[in-house]
Amino acid sequence: MNDLNYKYENAKLNSIEFMKNGQISAYFNALLEMNKYKRLLIAVIAN
């Protein structure tokens, strides 16, 4: 679970950097990656 949390936070920091740099497609990809890890975290917590 700590690994998923680390990957989620890393994707979050990447998305912020991409947004600041104006890299829209990379920003959206980072948001999708964040969403994937968020769903996995919720699934782990639920079980």
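Remember, predicted model here, so these are calculated numbers, not experimental data.

Enquirer: Teacher, can you tell me more about the overall build of the chain here?
Expert: Within the chain, the secondary structure is distributed over two helices and zero strands. In terms of overall dimensions, the chain has a C-alpha envelope of 40 × 15 × 10 Å along the principal axes. In the chain, which comprises 47 residues, the share counted as buried stands at 17%. Approximately 3800 Å² of the chain is accessible, and the part contributed by carbon and sulfur atoms is 56%. Positive and negative side-chain charges in the chain, numbering 6 and 4 respectively, have mean positions lying 6 Å apart.

Enquirer: Could you clarify how one ought to interpret helix H2 (residues 24-46) in this entry?
Expert: Along an α-helix, residues three or four positions apart point the same way, because every turn accommodates 3.6 residues. Helix length check: H2 (23 residues) gives 33 Å between terminal C-alpha atoms against 33 Å at 1.5 Å per residue, within 8%. Listed in full, the buried residues belonging to H2 are Ala30, Met34, Tyr37 and Leu41.

Enquirer: Sorry, what's going on with the side chain of Ser15 here?
Expert: Among the structural elements, Ser15 can be located in helix H1 (residues 2-21). By relative accessible area, Ser15 is classed as buried at 4%. Polar contacts involving the side chain of Ser15 include one to the main-chain carbonyl oxygen of Lys12, which spans 2.7 Å. For Ser15, the residues in contact, after removing those within four places along its chain, are Tyr27, Ala30, Leu31 and Met34.

Enquirer: Just checking my understanding: could you explain H1 for this structure?
Expert: With 20 residues, H1 should cover 28 Å at 1.5 Å per step; its first-to-last C-alpha distance of 29 Å lies within 8% of that length. Considered for burial, the residues of H1 that qualify are Leu4, Tyr8, Ala11 and Ser15. Projected down its long axis, H1 shows its buried positions confined to an angular sector of 65°, all on one face. Exposed positions of H1 whose direction lies more than 90 degrees from the buried face are Asn2, Tyr6, Leu13, Lys20 and Asn21.

Rules and cut-offs
- Residues numbered from 1 in each chain as written.
- Predicted model: local features only at pLDDT ≥ 70, side-chain atom pairs only at ≥ 80, totals over all residues.
- Heavy atoms only, no water.
- Helix = DSSP H or I, 4+ residues; strand = E, 2+ residues; numbered from the N terminus.
- Buried < 20%, exposed > 50% of the residue type's maximum accessible area, 1.4 Å probe, protein only.
- Areas by Shrake-Rupley, 256 points an atom, 1.4 Å probe, with all protein chains shown as cover.
- Lys, Arg positive; Asp, Glu negative; His and termini not counted.
- Charge placed at Lys NZ, Arg CZ, Asp CG, Glu CD.
- Expected span 1.5 Å × (residues − 1).
- Polar contact = N/O pair within 3.5 Å; in protein donor to acceptor, adjacent residues only side chain to side chain.
- Contact = heavy atoms within 4.5 Å.
- Arc of directions from axis to C-beta.

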